[in-house]
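Close look at the chain arrangement
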Amino acid sequence: MIPGTTMLDRSEPGKRACSLPRPDVETVDPARVFPAGLLRDGPVGLPEVSEPEIARHFVNLSVLNHHVDRDFYPLGSCTMKYNPKAGGRASGLPGFSDLHPMAPDEAAQGALAVIHGLGRQLCEITGMDDVTMAPAAGAHGELTGMLMVRAYHAAQGAGRKKVLIPDSAHGTNPASVTVAGYEAVEVPSGADGRIDPAVVGDFMDDEVAAIMITNPNTLGLFETHICEVADVVHAGGGLVYMDGANMNALLGISRPGDFGVDVMHLNLHKTFSTPHGGGGPGSGPVLVKERLVPFLPVPYVCERDGVYRLSWDRPESVGRVHTFYGNFAVMVRAYCYVLMMGPEGMRRVAEDALINANYLLARIKDRFDVPYGDRCKHEFVASGKAFRPKGVRTNDIAKRLMDYGFHPPTVYFPLIVEEALMIEPTETESKAALDGFADALIRICEEIETDPGLVLGAPHDAPVRRVDEAEAARNLDVAQ
Ligand SMILES: Cc1ncc(COP(=O)(O)O)c(C=O)c1O
């Protein structure tokens, strides 16, 4: 027996367990509280199933779904790459997964070392000075970053009201800016799909708090003028926010901190080894340059002489943005990934992602219009506009791809490309997988010519055919 404990006396069942006084619980009549339609009028009716039956049920459900362990998943803007299973095993180690979120710092040194160590690695990778690992997603990182921008300007005594956002930005950017209390002002891209410093200059005035740039942008293009854009914005007293969720294209090649970025976020669940798109927990760390460090959220993870602690003593902080300290298991996976890859491996990730995207682009560009260039970074945006005269739209092509066993690309985004098909193959796909996908797209183009009904009626083999998406969005019924 552990010293200092007493054994429960089993001869008097419940003696110790019931010794605490029961709180006074007011009995409430459910019929008075809940609408009649929600009240149960009989037993719950849970099925009586054995372990093999339940295992088969879930395995069958899992194969109805499409996932990266099953086949190619070129969902643009989502970086649906294969993530090493080792990271998942590490995040499940009892020392991590059983740690109580309210454990005192002394008892959580390992976890704090992971958060701190990963943060330092991310600063190195991005060229930024400091980081908060707390935000739970990319959009949450954007909001956190914008709150810091606000706090920075407030500390300067400046009440700036606007944030400039290129029309090629990710959709969450204007939303986050608006939630942070700013007016989002759209800046048109040039004919090459990139932002032009002169145009940004035309929009600058002393009301502009920041520019928020997705780089590479949603057309899969690197913003080649980002240094000049940063100079223009800084000269006008604004800050530069970079949406770094597409960092898969830049790892080990270039660092946002070197091209004038003041604040940025990463999507660990895109770039650093946690699947994106499953609706599961994510992580959107925000990295800052020196002048924004005082505004980082609390608690702030600090280290002195090898001892880690959570600091709350940060008078200029924007405050707390997440319960406890963010989604820790995602951080463990990311740390494993960074350590496993090392600097050389990181660079290889980006190079292979770029080669794969450009290979796919080259294979399909004779069949599909790609309005913004014949070179891309990690993804590219093709257009299905040419098929309109046949009555076929991008959505039909996406559905037909399912019959060939592929997850469709992102469709109808970004908005600046008509009938957009946004394709991101990622670095983990083989040439054979890329060829299989390109062949399927080319076959579909031929089908549109010879038998458009086949494409219009797709998917033919999926467990669910076409749904009325507008109806489904308005009248959600998750019980069906
Ligand atoms: C470029 C870009 N920015 C921001 C986000 C938003 O990230 P999250 O979905 O985690 O909120 C995404 C998501 O894919 C993205 O691709």
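Let us look at the structure shown here. It should be emphasised that the depicted structure is a prediction, and the values quoted were computed from it without experimental measurement.

Our focus in this paragraph is the sheet that holds strand β3 (residues 183-187). The pairing of strands in a sheet happens through backbone hydrogen bonds and is either parallel or antiparallel. On the basis of which strands lie adjacent, the open sheet formed by seven strands has the order β1-β7-β6-β5-β4-β2-β3 and mixed pairing. Single-partner strands in this sheet number two, and they are β1 (130-132) and β3. Neighbour-to-neighbour, the strand axes of this sheet turn through a mean angle of 25°, independent of strand direction. Judged from the three bridges that link them, strand β6 (residues 263-265) and strand β7 (residues 286-288) form a sheet pairing that is antiparallel. Its bridge partner lying in β7, Val-263 is registered against Val-288. Along the sheet, helix α5 (residues 109-126) contacts β1, β6 and β7; its crossing angle with β1, the most-contacted strand, is approximately 125°. Packed on one face of the sheet, helix α9 (residues 226-235) meets β4 (208-214) and β5 (239-243) and runs near 140° to β5.

Every buried residue of helix α7 (residues 172-179) is accounted for by Asn-173, Ser-176 and Val-177. Down the axis, α7 shows its buried residues gathered within 100° of arc, on one side only. Gly-181 sits one or two positions beyond α7 and adopts a positive phi of about 95°.

Next up on the list: empty space enclosed by the protein. Scanning the model with the defined rule gives one cavity of 30 Å³ or more in all. Here the largest cavity defines a volume of roughly 40 Å³. The wall of the largest cavity is formed by Leu-219, Leu-221, Leu-361, Val-370, Tyr-372, Gly-373, Arg-375, Cys-376, Phe-380 and Val-381. Per-class residue counts for the lining of the largest cavity are eight nonpolar, one polar and one charged.

Once that is clear, we can look at the nonpolar core. In this structure, Leu-118, Leu-122, Met-133, Leu-268 and Phe-272 are the most contacted members of the largest nonpolar core, which totals 55 residues. No other element matches the 13 residues that helix α11 (residues 328-364) contributes to this core. Each of two domains, domain 1 (87-340) and domain 2 (343-461), supplies a minimum of three residues to this core. Once residues within four sequence positions are removed from consideration, Met-133 is found in contact with Ile-115, Leu-118, Gly-119, Leu-122, Leu-268, Ser-283, Pro-285, Tyr-325 and Met-331. Counting 26 residues, the second largest nonpolar core, distinct from the first, contains Phe-387, Val-392, Ile-397 and Phe-406.

Turning our attention to the sheet that holds strand β10 (residues 380-383). If you trace the three strands from one edge of the open sheet to the other, you get β10-β12-β11, paired in antiparallel fashion. Of all the strands in the sheet, the pair left with one neighbour each is β10 and β11 (410-411). The pairing of β10 with strand β12 (residues 420-423) spans four bridges and is classified as antiparallel. Counterpart to Ser-383 in the pairing with β12 is Ala-420. Packed on one face of the sheet, α11 meets β10 and β12 and runs near 15° to β10.

What counts and what doesn't
- Residues numbered from 1 in each chain as written.
- Predicted model: local features only at pLDDT ≥ 70, side-chain atom pairs only at ≥ 80, totals over all residues.
- Heavy atoms only, no water.
- Pairing = 2+ DSSP bridges.
- Helix = DSSP H or I, 4+ residues; strand = E, 2+ residues; numbered from the N terminus.
- Axes fitted to C-alpha atoms, helices over the stretch in contact; angles between N-to-C directions.
- Contact = heavy atoms within 4.5 Å.
- Buried < 20%, exposed > 50% of the residue type's maximum accessible area, 1.4 Å probe, protein only.
- Arc of directions from axis to C-beta.
- 1 Å grid on protein atoms, 1.4 Å probe; cavity = no way out; pocket = protein on both sides within 12 Å on 5 of 7 lines; lining within 4 Å.
- Points joined across faces, edges and corners; volume = space filled by probe spheres on them.
- Nonpolar A, V, L, I, M, F, W, Y, C, P; charged D, E, K, R; others polar.
- Core = buried A, V, L, I, M, F, W, Y, C linked by side-chain atoms within 4.5 Å.
- Domains from an automatic or database assignment.

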